[in-house]
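Summary of structural features
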Amino acid sequence: MAKKNHFPATSDILSLVIDGELIVKVMPNAGDNSITMPAEDGPSDILSVRVTATPENGKANAVVLKLLAKALGLPKTSLAIIRGSNSRTKTIAIPQ
């Protein structure tokens with residue numbers, strides 16, 4: 001059985017974009033691929049992204065971009081990590 005991706009509404013994700021940038025907190029080696037809106041008791045502007053990929057040779061970064069592109073209905077080549085490529089907290093450029 002194929003794994004199901006879990007995404008919040010596109011408008012909810014876009015509500016976190018500030019000046020064309022989206023901050024995400026990545027959890028590699030997770031049990032599933034999913035995107036979660038910020039928790040009420042945490043930072044209110046950081047999207048959580050869980051990926052099953054390992055953080056080796058950019059594998060997790062590639063999956064993060066692919067998931068975000070799918071959730072936003074954009075081509076994955078339109079998204080780019082502009083800060084934090086080696087960190088769990090990343091800034092993604094989102095086209096306006």
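Quick notes on the rules
- Residues numbered from 1 in each chain as written.
- Predicted model: local features only at pLDDT ≥ 70, side-chain atom pairs only at ≥ 80, totals over all residues.
- Heavy atoms only, no water.
- Salt bridge = Lys/Arg side-chain N within 4 Å of Asp/Glu carboxyl O.
- Helix = DSSP H or I, 4+ residues; strand = E, 2+ residues; numbered from the N terminus.
- Core = buried A, V, L, I, M, F, W, Y, C linked by side-chain atoms within 4.5 Å.
- Buried < 20%, exposed > 50% of the residue type's maximum accessible area, 1.4 Å probe, protein only.
- Contact = heavy atoms within 4.5 Å.

**Considerations on the pattern of salt bridges**
Applying the stated criterion to the full structure yields two salt bridges. Among the salt bridges present, the one from R83 reaches E21, with a minimum N-O distance of 2.7 Å. Of this pair, R83 sits in strand β4 (residues 80-83) while E21 is found in strand β1 (residues 21-27), placing the two residues 62 residues apart along the sequence. Across the pair D32 and R50 runs a salt bridge, and its minimum N-O distance is 3.1 Å. In this pair, D32 sits in the loop between β1 and β2 (34-36) while R50 sits in strand β3 (residues 46-50), placing the two residues 18 residues apart along the sequence.

**Comments concerning the nonpolar core**
Counting residues in hydrophobic clusters, the biggest one holds 22 residues, and the most contacted among them are L22, V24, I35, L47 and L68. Of all elements in the fold, only β1, β3 and α2 (59-72) reach the threshold of two or more residues within this core. Sorting elements by how many residues they give to this core places α2 first, with eight residues. Excluding residues within four positions of it along the chain, V24 makes contact with I46, L47, V49, L68, R88, T89, K90 and I92.

**Here's the deal with unusual backbone geometry**
We note that D19 has phi near 55°; this positive angle belongs to a residue other than glycine. Topologically, D19 is positioned in the loop between α1 (10-14) and β1. Residue classification places D19 among the exposed positions, given a relative accessible area of 74%. Notably, N29 is not glycine yet its phi reads approximately 60°, a positive angle.

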